[in-house]
Each structure stands twice: as structure tokens, then as C-alpha cells.
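If you want the building blocks of each chain, they are given just below.
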Amino acid sequence: MSLEQNYQDILSQLPENVKLVTVSKTNPAEKIKEVYNLGQRAFGENKVQELLEKQPVLPNDIEWHFIGHLQTNKVKYIAGFVAVIESIDSEKLLKEVDKEASKNNRKINVLLQVKIAKEDTKFGLTVDQAKEIFNDYLNGNYPNLEITGLMGMASFVDDKTQIREEFSILKNLFDELSELKPLKTLSMGMSGDFLLAIECGSNSVRVGSAIFGSRF
Ligand SMILES: *Cc1c(COP(=O)(O)O)cnc(C)c1O
């Protein structure tokens, strides 16, 4: 299928309340432009260097979502333009984002990345760390940013019961924190599991290879 067919095919499977973040990592700017021309505005990248190469050559109204592990010393390079940092995985990183947002005279929207997968290869906060950080945020500790939601990745396994369990951990935390302050975004689901994620309450999916083809 063509890029356009893949894109329309994914869109057609998303309920109206679910946002699509097109994960463009490893794909060149021309391909991103093709999807942009179909109307897509939210794109996800996971490497600062790569994002810095693409951002200047692509339209200004692209909403860039940073979705990879972010080193604190690199926050400054993206703080001026990034729309959402979905991958806040430490308090130290959040403090740095708050500082850089202030320097850029803007508020930065962020998601707390929670480690829900049983595999221990992935980054992310524990549920307790996320709660603690959210409380600090409610107490005014991070005046230059908005925590607008949560992000998580399930294990790469075939066992749907396990994936469902992992997504449910995040959905429960989302509901719990939303009682303290309403959260907007529950970002979970990728090419292989986005339908399951939506069943589990996701309202923002990050889809790459199902649109651009597999990465090599
Ligand atoms: C690469 C990536 C995705 C997209 O993965 P696909 O399987 O290609 O859809 C989603 N989220 C994160 C955090 C990623 O790094």
C-alpha cells in the first residue's frame, strides 16, 4: 500500500476522540511532507539531533511531539518549539524542562512517561514516582509547564492479556490523577497494539511503521 493508503487506513480505524501522532523517526523530511500534505499535523520524533535536522526544513505549523529518552543537556535545543514532550521519565528532566520553558518565555506541555511494561529495558517513572511528581506540580513546583497527561508503552509480546493489564495500569493512574486535576491525554498504543490501547482507554496513539513502513 502507498503512504497515503496506509495513513488513511489508520485514520479510518480511530474513533473521533482519539488523536493520531504520526511517528516519523528515521523517515526523511520529504516523506513527512507527504503526510503533512494529507492534513496530518502532529508528528513524533525520538532523537534530538534528527528532530533538529527536520524541523527547520518543514512547515512551521507542525506540532512536534518528542517521544524518546531525553537527556537533560539537550532540552535547550528543542525547548523553543516542541509542542509536547511525551517522555518525561525523571524529576531531574522535568526540572530542566521547566527551566528551559522559562528561558523561552513559554509553557511547555509534557506527559509523564510511566513504565508499565514488565520488560526492564524501557525508561519511565514508577506509578508512585508519577504520583509524587504530579503532587509537586499541583503544589506549584513547575510553573512553566503543564502536565497534560500520561504516556506508556506495553511489552512487545503477543499475549493480549498481558498487554491489556499493562495498559490498564496507566488508565487507572490517569483516572486517579484526573480527580486531582483533569488530564487531557492518555498516550498509549503503537502500530502493533493501538486498537487494544484504545479499548483500554487511550485517546492518543503513536503510530510509525504502520504508516511509513518498517524501519531498517
Ligand atoms: C517508535 C515509537 C513509536 C512508534 O512505533 P511503531 O511500532 O513504528 O508504530 C511509538 N512510541 C514510541 C515511544 C516510539 O519510540
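About the thresholds
- Residues numbered from 1 in each chain as written.
- Predicted model: local features only at pLDDT ≥ 70, side-chain atom pairs only at ≥ 80, totals over all residues.
- Heavy atoms only, no water.
- Core = buried A, V, L, I, M, F, W, Y, C linked by side-chain atoms within 4.5 Å.
- Buried < 20%, exposed > 50% of the residue type's maximum accessible area, 1.4 Å probe, protein only.
- Helix = DSSP H or I, 4+ residues; strand = E, 2+ residues; numbered from the N terminus.
- Contact = heavy atoms within 4.5 Å.
- Lys, Arg positive; Asp, Glu negative; His and termini not counted.
- Salt bridge = Lys/Arg side-chain N within 4 Å of Asp/Glu carboxyl O.
- Arc of directions from axis to C-beta.
- 1 Å grid on protein atoms, 1.4 Å probe; cavity = no way out; pocket = protein on both sides within 12 Å on 5 of 7 lines; lining within 4 Å.
- Points joined across faces, edges and corners; volume = space filled by probe spheres on them.
- Phe/Tyr/Trp six-rings, centres within 6.5 Å; stacked < 30°, edge-to-face > 60°.

Novice: Give me the lowdown on the nonpolar core, citing residues and values where you can.
Specialist: Counting 61 residues, the largest nonpolar core has Ile85, Val97, Val110, Ile147 and Leu150 as the members making the most contacts within it. Among the elements that make up this core, the one with the highest residue count is helix α7 (residues 160-180) (six residues). Discounting chain neighbours no more than four positions away, the residues touching Ile147 are Leu94, Val110, Leu112, Ile133, Phe134, Tyr137 and Leu183.

Novice: Let's hear about the side chain of Arg206: which residues, and what values?
Specialist: In this fold, Arg206 is placed in strand β8 (residues 204-207). Nearest to the buried, unbridged Arg206 among oppositely charged side chains is Glu86, at 4.3 Å. Contacts of Arg206, omitting those with residues within four sequence positions, involve Val21, Val23, Ile67, Glu86, Met151, Gly152, Met153, Ser187, Met188, Gly189, Met190 and Ser191.

Novice: Explain helix α2 (residues 29-36) to me, using residue names and the numbers behind them.
Specialist: Looking at α2, one finds that the buried residues are Ala29, Ile32, Val35 and Tyr36. Buried positions in α2, seen along its axis, are confined to an arc of 120 degrees and lie on one side of it. Looking at the packing, one finds that the buried side of α2 touches α1 (3-12), β1 (19-23), β2 (42-45), α3 (48-54), β3 (63-66) and α9 (209-212).

Novice: Help me get a handle on the layout of surface pockets, residues and values and all.
Specialist: The calculated volume of the largest pocket comes to roughly 660 Å³. Of all the secondary structure elements, the ones that give two or more residues to the lining of the largest pocket are α7, α8 (194-199) and β8. Among the elements that make up the lining of the largest pocket, the one with the highest residue count is α8 (four residues).

Novice: Now, about the environment of Lys99: what can you tell me, with residues and values included?
Specialist: Its place among the elements puts Lys99 in helix α5 (residues 91-103). Along the backbone, Lys99 and Ile85 are 14 residues apart, and their C-alpha atoms lie at a distance of 14 Å.

Novice: Requested: an account of the pattern of salt bridges, with residues and values cited.
Specialist: Counted under the stated rule, the structure contains twelve salt bridges. Asp61 serves as the salt-bridge partner of Arg41, at 3.2 Å between the closest nitrogen and oxygen. You can see Arg41 sitting in the loop between α2 and β2 and its partner Asp61 sitting in the loop between α3 and β3, a full 20 residues away along the chain. We classify Asp61 as partly exposed; its relative accessible area is 43%. When the shortest N-O distance is used, the salt bridge between Lys95 and Glu91 registers 3.5 Å. With Lys95 and Glu91 both in helix α5, this residue pair falls four residues apart, about one helical turn. Look at Glu91 and you get partly exposed, because its relative accessible area is 35%.

Novice: Mind laying out the packing of aromatic side chains, listing which residues take part and the relevant values?
Specialist: Taken as a whole and judged by the stated rule, the model has two aromatic pairs. Considering the side-chain rings of Phe43 and Trp64, the 6.2 Å spacing of their centres and the 45 degrees angle between planes classify their relative orientation as tilted. Of this pair, Phe43 sits in strand β2 while Trp64 sits in strand β3; the two residues are 21 residues apart in sequence, bridging distant segments of the chain. For the ring pair Phe134 and Tyr137, a centre distance of 5.6 Å and an interplane angle of 40 degrees mean the geometry is tilted. Residue Phe134 and its partner Tyr137 are located together in helix α6 (residues 127-138), separated by three residues, close to a single helical turn. We note that Phe134, like Tyr137, is buried.

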